Amino acid sequence: MDVVLMSWSLPEVPSSARLRPYDLRCEHRRTPLGIGTRTPRLAWRLASDRRGDAPAGHRIRVHGPGGLLAWDSGWIYGQGVSADYGGAPLVSFARYTWQVEVRDGESARSWFDTGVLHPDEWAAAWIAHDPETEPPFEPPTDDREPRTARTAHLPAPRYFRREVGLRPATAVRIACTARGLYELRVNGHRVGDGELTPGWTDYRQRVPYQVYDVTDLAGDGPLCVGAVLADGWWSGSLGWDGRQQAQRYGRHPQLLVQLVAEHADGTRTVVGTDGRWRETTGPLRYADLLMGEWYDARLEHDGWDLPGFDDSSWAPARVADTGHAVLVPSAAEPVRVTEDLVPAAIRAHDGRTIVDLGQNIAGRVRLTLRGADPGTRVTLRHGEALTDDGGLYTANLRSAEATDHYVAAGRAEETFEPRFTVHGFRYVEISGHADIEVVGRAMHSDTPVAGEFSCSDAMVRQLMSNLRWSQRGNFVSVPTDCPQRDERLGWTADAQVFLPTACYNADVAAFFTGWLADLRCAQTGEGAVPDVVPHVMTERHGTPGWGDAATVVPWHLYEVYGDERILRDSLPSMRRWVDHVERHNPGLVWRNRVGSHYGDWLQAGVRTSRDVMATAYFALSADLTARAARVLGDSSSHARYADLRARIGEAFAREFVSPDGRITGDTQTGYLLALAHGLVPAGLVSAAVAHLVADLERRGRRLTTGFAGVGLLGPVLSAYGHADLAYALLHDDRYPSWGYSIKRGATTIWERWDGWTEEAGFGPVAMNSFNHYALGSVGAWLYGGVAGLGQEEGSVGFRRPLIRPLAGGTLRWASAAYETPLGRLASRWEVDGGTLRLDVLIPPGALATVHVPTTDPASVRESGDAVAGIARTGSAVVCRAGSGRHSFTAAWDR
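In what follows, the accompanying structure is described. Keep in mind that what you see is a predicted model, and the values were worked out from it rather than measured.

**Some words on the overall build of the protein**
Phase 1 of the analysis: When helices and strands are tallied, the protein shows 16 helices and 49 strands.
Phase 2 of the analysis: Taken against the 2.2 N^0.38 rule, which gives 29 Å for 894 residues, the C-alpha radius of gyration of the protein at 28 Å falls within 12% of a compact globule.
Phase 3 of the analysis: Taking all 894 residues of the protein together, the buried fraction comes to 62%.
Phase 4 of the analysis: Here the analysis covers contacts within the protein between residues at least 6 apart in sequence; of these, 74% occur between residues at least 24 apart.
Phase 5 of the analysis: If you sum the accessible surface of the protein, you get close to 32300 Å²; carbon and sulfur atoms cover 49% of it.
Phase 6 of the analysis: Within the protein, one finds 93 positive and 108 negative side-chain charges whose respective centroids are separated by 4 Å.

**Comments concerning the packing of helix H10 (residues 668-676) against helix H11 (residues 685-698)**
Phase 1 of the analysis: As a packed pair, H10 and H11 sit with axes 9 Å apart at the nearest point and diverge in direction by 150 degrees. Judged by the angle between their axes, H10 and H11 are roughly antiparallel. Like other packed secondary-structure pairs, H10 and H11 cross with a definite hand, here left-handed. Of H11, the residues touching H10 (which contributes Gln-668, Tyr-671, Leu-672 and Leu-675) are Val-685, Ala-688, Val-689, His-691, Leu-692, Asp-695 and Leu-696.

**What about the pairing of strand E8 (residues 107-113)?**
Phase 1 of the analysis: Where strand E7 (residues 95-102) meets E8, seven bridges bridge the pair, whose relative direction is antiparallel. Bridge pairing links Trp-98 to Ser-110 in E8.
Phase 2 of the analysis: Joining the antiparallel neighbours E7 and E8 is a turn of four residues, in which Asp-104 adopts a positive phi near 60 degrees.

**Section: the packing of aromatic side chains**
Phase 1 of the analysis: Across all of its chains, the model carries 38 aromatic pairs by this definition.
Phase 2 of the analysis: Relative to Trp-491, the ring of Trp-240 lies with its centre 6.5 Å away and its plane at 20 degrees, an arrangement referred to as stacked. Taken as a pair, Trp-240 in the loop between helix H2 (232-235) and strand E16 (254-262) and Trp-491 in the loop between strand E36 (478-479) and helix H4 (492-505) lie far apart in primary sequence, 251 residues in all.
Phase 3 of the analysis: Seen in terms of ring centroids, Tyr-393 and Phe-762 are 3.7 Å apart; in terms of plane orientation they differ by 10 degrees. Their pairing is stacked. Of this pair, Tyr-393 sits in strand E29 (residues 392-393) while Phe-762 is found in strand E38 (residues 761-762), placing the two residues 369 residues apart along the sequence.
Phase 4 of the analysis: You can call Tyr-393 buried: its relative accessible area is 7%.
Phase 5 of the analysis: Chaining the aromatic ring pairs together yields one cluster made of Phe-475, Phe-498, Phe-511, Phe-512, Trp-515 and Tyr-773.
Phase 6 of the analysis: Lying across the ring of Trp-111, Arg-95 places its NZ or CZ 3.7 Å from the centre.

**Some words on the sheet that holds strand E39 (residues 789-791)**
By definition, the strands of a sheet pair up through backbone hydrogen bonds, in either a parallel or an antiparallel sense.
Phase 1 of the analysis: Here five strands make up an open sheet; going across it, the order is E39-E40-E44-E48-E47 and the pairing mixed. Looking at strand neighbours, the two that pair on one side only are E39 and strand E47 (871-873), the edges of this open sheet. For this sheet, the mean angle separating the axes of adjacent strands, direction not counted, is 30 degrees.
Phase 2 of the analysis: Summarising the sheet, E47 and strand E48 (residues 876-881) pair through three bridges and their orientation is antiparallel. Each bridged residue has a counterpart across the sheet, and for Thr-873 the counterpart in E48 is Ala-876.

**What about empty space enclosed by the protein?**
Phase 1 of the analysis: The final tally for this structure, using the stated rule, is seven cavities of 30 Å³ or more.
Phase 2 of the analysis: Considering only enclosed or pocket space, the largest cavity measures out at about 160 Å³ in volume.
Phase 3 of the analysis: Along its surface, the largest cavity is lined by 16 residues, and Trp-233, Leu-289, Val-422, Thr-480 and Arg-488 are the ones closest to its centre.
Phase 4 of the analysis: Of the residues belonging to the lining of the largest cavity, the class tally is ten nonpolar, four polar and two charged.

**Digging into the packing of H4 against helix H6 (residues 549-561)**
Phase 1 of the analysis: Here H4 crosses H6 at 10 degrees, and the two axes come no closer than 9 Å. Here H4 is positioned roughly parallel relative to H6, judged by the angle of their axes. Of the residues in H6, those touching H4 at Thr-492, Gln-496, Leu-499, Pro-500 and Cys-503 are Ala-549, Val-552, Val-553, His-556, Leu-557, Val-560 and Tyr-561.

**A look at unusual backbone geometry**
Phase 1 of the analysis: In this structure, Pro-198 follows Thr-197 across a cis peptide bond, with omega equal to 10 degrees.
Phase 2 of the analysis: For Pro-198, the position within the fold is in the loop between strand E13 (189-190) and strand E14 (206-213).
Phase 3 of the analysis: Backbone torsion omega between Val-533 and Pro-534 reads 0 degrees, so that peptide bond is classified as cis.
Phase 4 of the analysis: By the element assignment, Pro-534 lies in the loop between helix H5 (509-522) and H6.
Phase 5 of the analysis: Non-glycine residue Asn-187 carries a positive phi angle of around 50 degrees.
Phase 6 of the analysis: Along the chain, Asn-187 turns up in the loop between strand E12 (181-186) and E13.
Phase 7 of the analysis: The residue Ser-477 is not glycine, and still its phi comes out positive at about 75 degrees.
Phase 8 of the analysis: On the secondary structure map, Ser-477 appears in the loop between strand E35 (475-476) and E36.
Phase 9 of the analysis: For Ser-477, a relative accessible area of 19% gives the class buried.

**Some words on the sheet that holds strand E45 (residues 861-862)**
Phase 1 of the analysis: Across the sheet, seven strands lie side by side as E34-E41-E42-E43-E49-E45-E46; this open sheet has antiparallel pairing. Across the chains shown, the open sheet's two edge strands, defined by having one partner strand only, are strand E34 (451-455) and strand E46 (865-866).
Phase 2 of the analysis: Pairing of strand E42 (residues 824-832) with strand E43 (residues 835-842), which is carried by seven bridges, proceeds in the antiparallel orientation. Bridging from a neighbouring strand, Val-831 pairs with Leu-836 of E43.

**Some words on the nonpolar core**
Phase 1 of the analysis: Among the nonpolar cores identified, the biggest contains 236 residues, and Phe-453, Val-508, Phe-512, Trp-515 and Leu-557 are the most heavily contacted of them.
Phase 2 of the analysis: With 13 residues, the single largest contributor to this core is helix H8 (residues 610-631).
Phase 3 of the analysis: Setting aside anything within four residues of it in sequence, one finds Phe-512 in contact with Phe-475, Pro-479, Ala-495, Leu-499, Val-553 and Leu-557.
Phase 4 of the analysis: Counting residues in hydrophobic clusters, the runner-up holds 26 residues, among them Ile-127, Ala-227, Val-257 and Leu-259.

**Quick look at the pattern of salt bridges**
Phase 1 of the analysis: Under the counting rule described, the total for this entry stands at 81 salt bridges.
Phase 2 of the analysis: A salt bridge links Glu-437 to Arg-370; its shortest N-O distance comes to 3.0 Å. In this pair, Glu-437 is assigned in strand E33 (residues 436-445) and Arg-370 in strand E26 (residues 352-370), connecting sequence segments 67 residues apart.
Phase 3 of the analysis: Given the relative accessible area of 40%, Glu-437 is considered partly exposed.
Phase 4 of the analysis: The exposure class assigned to Arg-370 is partly exposed, which follows from its relative accessible area of 29%.
Phase 5 of the analysis: The salt bridge partner of Glu-819 is Arg-824, with a shortest N-O separation of 3.1 Å.

**Some remarks on the pairing of strand E20 (residues 292-296)**
Phase 1 of the analysis: Within E20, five of the five residues are buried, which leaves it mostly tucked inside the rest of the structure.
Phase 2 of the analysis: The two faces of E20 match: Gly-292, Trp-294 and Asp-296 on one face and Glu-293 and Tyr-295 on the other face are all buried.
Phase 3 of the analysis: Bridge analysis of strand E19 (residues 284-288) against E20 gives four bridges, and the strand direction is antiparallel. Looking at E20, one finds that Leu-284 is bridged to Tyr-295.
Phase 4 of the analysis: In textbook terms, the turn of a hairpin is the stretch between consecutive antiparallel strands, and for E19 and E20 this stretch comprises three residues.
Phase 5 of the analysis: Judged from the three bridges that link them, E20 and strand E30 (residues 403-407) form a sheet pairing that is parallel.

About the thresholds
- Residues numbered from 1 in each chain as written.
- Predicted model: local features only at pLDDT ≥ 70, side-chain atom pairs only at ≥ 80, totals over all residues.
- Heavy atoms only, no water.
- Helix = DSSP H or I, 4+ residues; strand = E, 2+ residues; numbered from the N terminus.
- Rg over C-alpha atoms; globule rule 2.2 N^0.38 Å.
- Buried < 20%, exposed > 50% of the residue type's maximum accessible area, 1.4 Å probe, protein only.
- Contact = heavy atoms within 4.5 Å.
- Areas by Shrake-Rupley, 256 points an atom, 1.4 Å probe, with all protein chains shown as cover.
- Lys, Arg positive; Asp, Glu negative; His and termini not counted.
- Charge placed at Lys NZ, Arg CZ, Asp CG, Glu CD.
- Axes fitted to C-alpha atoms, helices over the stretch in contact; angles between N-to-C directions.
- Parallel < 35°, antiparallel > 145°, perpendicular 65-115°, else oblique.
- Left-handed = near helix turned anticlockwise from the far one by under 90°.
- Pairing = 2+ DSSP bridges.
- Phe/Tyr/Trp six-rings, centres within 6.5 Å; stacked < 30°, edge-to-face > 60°.
- Lys NZ or Arg CZ within 6 Å of the ring centre and 35° of its normal.
- 1 Å grid on protein atoms, 1.4 Å probe; cavity = no way out; pocket = protein on both sides within 12 Å on 5 of 7 lines; lining within 4 Å.
- Points joined across faces, edges and corners; volume = space filled by probe spheres on them.
- Nonpolar A, V, L, I, M, F, W, Y, C, P; charged D, E, K, R; others polar.
- Core = buried A, V, L, I, M, F, W, Y, C linked by side-chain atoms within 4.5 Å.
- Salt bridge = Lys/Arg side-chain N within 4 Å of Asp/Glu carboxyl O.

Below, the structure is given as structure tokens:
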């Protein structure tokens, strides 16, 4: 029976009468296999039901192979919730268990497995299909082979196998990777639950590998290791230029497998891929990320992945060129199927079945057929929307066919689920057989859920759902721009503008750590950063707002997670990027070497000055580089970039700020960038804010922002006393707005405000994704503004939380919870009659500043007792709150 996976939700915090560590992690991952660093960081969160609880210290014990103590940290005093391993040298391919004990609290255990810690321990060779053994392609013998002009050239995935005779083993592990995509099998069982492994990186520089513990599958007797190998990102269709040679990493996929068996006497047996492996084709006739998959069940090799199978007709594998890329352990959790969706509606259309999942996703379907004759071909076409007549809309897919085919073997019941493709869709059109059952399967990088938000307004709840689903659908190994059309690239601006929202939704530390490594690999010798990472498809470099991901992403990750190693790895890249811009713009107004200069991409009906946007990002990147240098103790770099930031600010004011506070271009995004990044002279800030407000009012309180400005609307308007305008935009359902798409049934964020309108119907097919997170950057304001979950200026890792909710709009209540590095932080406010109630939860070890909204400061109470507060600001009383739960009430008559 198939397991039904449930929704993406935040788990409950464990209840404990005293300090209790939970959610133990190694290198930002829970029980990871294949850790590749010799000093991994161990971290945990804390929970306690006692108010005021704070850790006084912790002690870590790590035990390695044979149960031997590898490290005892002794008592480390302070309020830390992480420590870098400091014990005996770690051994490759070994299990380490670790325990953290909190002073005057409880203890908890976890484990991690190491990968290959020394490059010379690799004993495996890259293997591939030998094209010399491939018979010439022949036309199909019947008319059921569904080749098209775009799929005629797609090769069949290869099936590899080898039997190994092993002495009895106490543990068996396998390290596996591919230039392409692989599925690993041992003794008839699939290994692991990762999809699209090993994932996408810049294969020219670094190839990730995964480690699996297959001890339970090994058993006694011979061991059969098998793998299915497909093109994937390595040699399959990639981007809008399809399979053009210039856009591919290689011509044919390759496989690398290394098995390590431990024996009771302490010895090891190591077996790697070599020329003794056998390979052939099978039921998978082609598998392509963009085009789809074709599976002919009549061609299955029964028992091919079991010992004793006769593979004498299979060809020997070819040992391939090793290339120059470095093998690296996977930094993040793999893509997984995380949720199953039962169809919301099924109906017939022109002799076909249209299945509506009720939700736009990235993933695939699991199809069950009953009573299909041998050779019956079932075709599945995927799309995000329907045409006016109820048919499947696919024009916006461009050249991506997003079509799967299954040819039945003729069994009473058979199930098909593609393995090496992913589609962006809500609807699937099925033809060829009527007796079917369909389940949608959502796939994405399995970043742990970190936050949740809700409120009294159904449309705003749907907005949060939409942006969370867009994050899930576009975090597929790398942060992509869309999951459906022939693009799916790691656009850097999209990633950096959405990052604050992404961090609230999920723990993305490991995910973006890997992506930043590819960004650094792709940076040019003079410091320019490409528009897409991993770098493929285009030679575009150095675009304002896009290249600035080199500074924005590492700094924000540091602020959220408090891991200074991210800055240490990135500071040289940050400096090179800022130096590149400065070198070509000595006047400090960024006009030269601007790459593609997209500007405020997909803004609505206006044109923000590109010089304004570029120079604002130049100032921001200089500022973040200065801050990073200060954190790392690099005083000379801090002084240099802080001075540069000051001089850019002066140049910006001279060039773009008029004496009446007007910003060149007079657009919402222009004002938002200048105000958010402190580029307006102090004496003109009020005037600039007034111009921003006037623009919104003149347009009937409608936004015009594109990617660069949309995430700043809520924070800037709220910071300058205009939360009413921010709420007006949040609740708006006219074009352009988030509510406009929701009113028309959107279940994800649209790429463009005019993805569909009453006047024009569908937007331009050349670029019209209905699943694209950038315009959903408002999510960070829902968490940090509406619900009020943030941290004070200068705080990192939420050591000093700031609870500052914005009661307003048409909301009666709003709530949010977030897993900080310390533990759970939460708030909920509700207005009932003339009273506002605010409930907060502060994690152990944190001291929060809480702003209690009120229209009568004297009315503020905590658990019924009067609260004097430490300050009053606007319409709030400011209080301090230690760890634990706090309940405040106050008068509220707005």
